[in-house]
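Secondary and tertiary structure notes
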Amino acid sequence: MQAYGSKRLDASLLLIPMVGFLPPVDPRVRGTLRAIEDRLLIDGEFVLRYETEHVGDGLPAGKGVFLACSFWLVDNYML
């Protein structure tokens, strides 16, 4: 999540299996991967860094693709 107690999804969660915090086959990692695909993947190509609706970061909703996050997703597929 974006912050403690938040319900907003954040693509940094893709780093969990890459740094060895949890194994890639853990059901929590798999569920997180599905949630990111469902809520942060744009047009099946790029991953948003976080959910952009009602954030107040100055970007319009749906903007804010972070290329590194797309590579993190691919790394998770490889794991």
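Quick caveat, the model's predicted, so the values are computed rather than measured. (Residues numbered from 1 in each chain as written. Predicted model: local features only at pLDDT ≥ 70, side-chain atom pairs only at ≥ 80, totals over all residues. Heavy atoms only, no water.)

1. As for the side chain of Ser70
Here Ser70 lies in helix H3 (residues 67–78). Excluding residues within four positions of it along the chain, Ser70 makes contact with Glu45, Phe46 and Val47. (Helix = DSSP H or I, 4+ residues; strand = E, 2+ residues; numbered from the N terminus. Contact = heavy atoms within 4.5 Å.)

2. Here's the deal with the nonpolar core
Counting 12 residues, the largest nonpolar core consists of Leu9, Ala11, Leu13, Leu14, Leu33, Ile36, Leu40, Val47, Leu48, Cys69, Trp72 and Leu73. For this core, the secondary-structure elements that each account for two or more residues are helix H2 (27–39) and H3. Considering each element in turn, this core owes the most residues, three residues, to H3. Other than its neighbours up to four places away in sequence, Leu40 contacts Leu9, Asp10, Ala11, Ala35, Phe46, Val47, Leu48, Arg49, Tyr50 and Glu51. (Core = buried A, V, L, I, M, F, W, Y, C linked by side-chain atoms within 4.5 Å. Buried < 20%, exposed > 50% of the residue type's maximum accessible area, 1.4 Å probe, protein only.)

3. Some words on the pattern of salt bridges
Tallied over the full model, the rule gives two salt bridges. For the salt bridge of Arg49 with Asp10, the shortest nitrogen-to-oxygen distance reads 2.2 Å. Pair noted here: Arg49 is in the loop between strand S2 (46–47) and H3 and Asp10 is in the segment before helix H1 (15–18), with a separation of 39 residues, a long-range link. Arg49 gets classed as partly exposed once you look at its relative accessible area, which sits at 26%. With a relative accessible area of 8%, Asp10 lands in the buried category. (Salt bridge = Lys/Arg side-chain N within 4 Å of Asp/Glu carboxyl O.)

4. Remarks on the packing of aromatic side chains
Using the criterion set out here, one finds one aromatic pair in the structure. Judged by centre distance (6.3 Å) and plane angle (85°), the ring pair of Phe66 and Trp72 falls under edge-to-face. A relative accessible area of 38% means that Phe66 is categorised as partly exposed. (Phe/Tyr/Trp six-rings, centres within 6.5 Å; stacked < 30°, edge-to-face > 60°.)

5. Overview of the confidence of the model for the chain
Mean pLDDT over the chain stands at 86; residues scoring 70 or higher make up 81%. The weakest mean pLDDT in the chain belongs to strand S1 (residues 41–42) at 90; the strongest belongs to H1 at 96. (pLDDT = per-residue confidence, 0-100.)

6. Digging into H3
Compared with an ideal rise of 1.5 Å per residue, which puts 12 residues at 16 Å, H3 spans 17 Å between its outermost C-alpha atoms and is within 8% of the ideal. Along H3, the residues that are buried comprise Cys69, Ser70, Trp72, Leu73 and Asn76. Considered in projection along H3, the buried side chains sweep an arc of 155° and stay on one side of the axis. Away from its buried face, by an angle of more than 90 degrees, H3 presents the exposed residues Phe71 and Met78. Turning to H3, the residues buried within the fold contact H1, H2, S1 and S2. (Expected span 1.5 Å × (residues − 1). Arc of directions from axis to C-beta.)

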